[in-house]
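Now for the letters of each chain:
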Amino acid sequence: LATVAMAAALVQIWPGVRARWPRLHRGIGRVYVAAAIPAAATGMVIGAVTPFGPILAVGSVALAALWLWFTVNGFLAARARRFADHRRHMLRSVTLAFSIITNRIWNPILYLTLQPLRDSVFGGDEERFIWLVAGLSGWLGWTIPLLAVGWWLRRHPVVSPSTISRSADTQRV
């Protein structure tokens, strides 16, 4: 289901789809929500029972809970025609959906970077070393992209179409 959500998200974030084909945007958006909600709920269960230690377990459950939260709130905002809120929530939701990719980037980097500490800090315990690497890459895989999207949203505020038309009306002299 997460793969379906990611494929749907690619269509949703493609520039111009929302403006040129609003019905397609709505339809694919419903597919995204229908796939993301059960994927996030399943992610919480899978994350809680990970064999890669408690650091990754907490991070995975937090990621899945936030993914569920942003997806549901984005959907509800669209239903209430609060499109600026919808866009903010869905940008965060899609960021969390794709965080598995950034997690896979962090994993080898951290493994190689922390390798010299395996014997000294972990006393050669491979399992504890893997737990740390997996936990750090799991957390970094979603927190850094989510913080980046938050920063981007602050620098480029999303304004609803109704707000734009109202401000245009008030600026006429």
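Here, every reference points to the structure presented above.
Residues numbered from 1 in each chain as written. Predicted model: local features only at pLDDT ≥ 70, side-chain atom pairs only at ≥ 80, totals over all residues. Heavy atoms only, no water.

Some details on the overall build of the chain
What the chain contains, in helices and strands, is 9 helices and 0 strands. The helix and strand sequence of the chain, counted from the amino end, reads α-α-α-α-α-α-α-α-α. Computed over its C-alpha atoms, the radius of gyration of the chain comes to 20 Å, more than 25% above the 16 Å expected for a compact globule of 173 residues. Judged by the C-alpha coordinates and their principal axes, the chain covers about 75 × 35 × 20 Å. Counting all 173 residues of the chain, 34% fall into the buried class. Here the chain displays about 10,600 Å² of accessible surface, and carbon together with sulfur accounts for 69% of that area. (Helix = DSSP H or I, 4+ residues; strand = E, 2+ residues; numbered from the N terminus. Rg over C-alpha atoms; globule rule 2.2 N^0.38 Å. Buried < 20%, exposed > 50% of the residue type's maximum accessible area, 1.4 Å probe, protein only. Areas by Shrake-Rupley, 256 points an atom, 1.4 Å probe, with all protein chains shown as cover.)

Side note on helix α5 (residues 83-97)
Given a rise of 1.5 Å per residue, 15 residues ought to cover 21 Å, and the 20 Å separating the end C-alpha atoms of α5 matches this to within 8%. When α5 is considered as a whole, its buried residues turn out to be A84, H86, H89, M90, S93, V94, T95, L96 and A97. Among the structural elements, α1 (2-13), α3 (22-48), α4 (54-79), α6 (99-114) and α8 (126-155) are those in contact with the buried residues of α5. (Expected span 1.5 Å × (residues − 1). Contact = heavy atoms within 4.5 Å.)

A word on the pattern of salt bridges
One pass over the structure, following the stated rule, counts 4 salt bridges. One salt bridge in this structure joins R82 and D85, with 3.1 Å as the shortest N-O distance. Overall, R82 belongs to the partly exposed group, its relative accessible area being 40%. (Salt bridge = Lys/Arg side-chain N within 4 Å of Asp/Glu carboxyl O.)

Comments concerning a nonpolar patch on the surface
Together, I100, I101, I105 and I109 line one region of the surface with nonpolar side chains, adding up to about 330 Å² of accessible area. Here I105 shows up in helix α6. (Patch = residues over 30% accessible without salt bridge, like charges linked within 9 Å, V, L, I, M, F, W, Y side chains within 5 Å.)

Overview of the nonpolar core
Formed by 20 residues in total, the largest nonpolar core has its most connected members in A5, Y32, W67 and L96. Considering every element that reaches this core, the biggest residue donor is α3, with 6 residues. Residues in contact with L96, not counting those within four places in the same chain, are L63, L66, W67, F70, W142 and L146. L110, L114, F129 and V133 belong to the second-largest nonpolar core, a separate cluster that totals 5 residues. (Core = buried A, V, L, I, M, F, W, Y, C linked by side-chain atoms within 4.5 Å.)

As for unusual backbone geometry
Despite not being glycine, R81 has its phi angle at roughly 60 degrees, a positive value. Topologically, R81 is positioned in the loop between α4 and α5.

Let's talk about the packing of aromatic side chains
For the structure shown, the criterion picks out 3 aromatic pairs. Ring centres of F122 and F129 lie 5.8 Å apart, and the angle between their planes is 70 degrees; on these two criteria the pair is classed as edge-to-face. Ring-pair connections join several aromatic residues into one group, and the members of that group are Y111, F122 and F129. (Phe/Tyr/Trp six-rings, centres within 6.5 Å; stacked < 30°, edge-to-face > 60°.)

The values reported here are purely geometric and, on their own, carry no functional implication.
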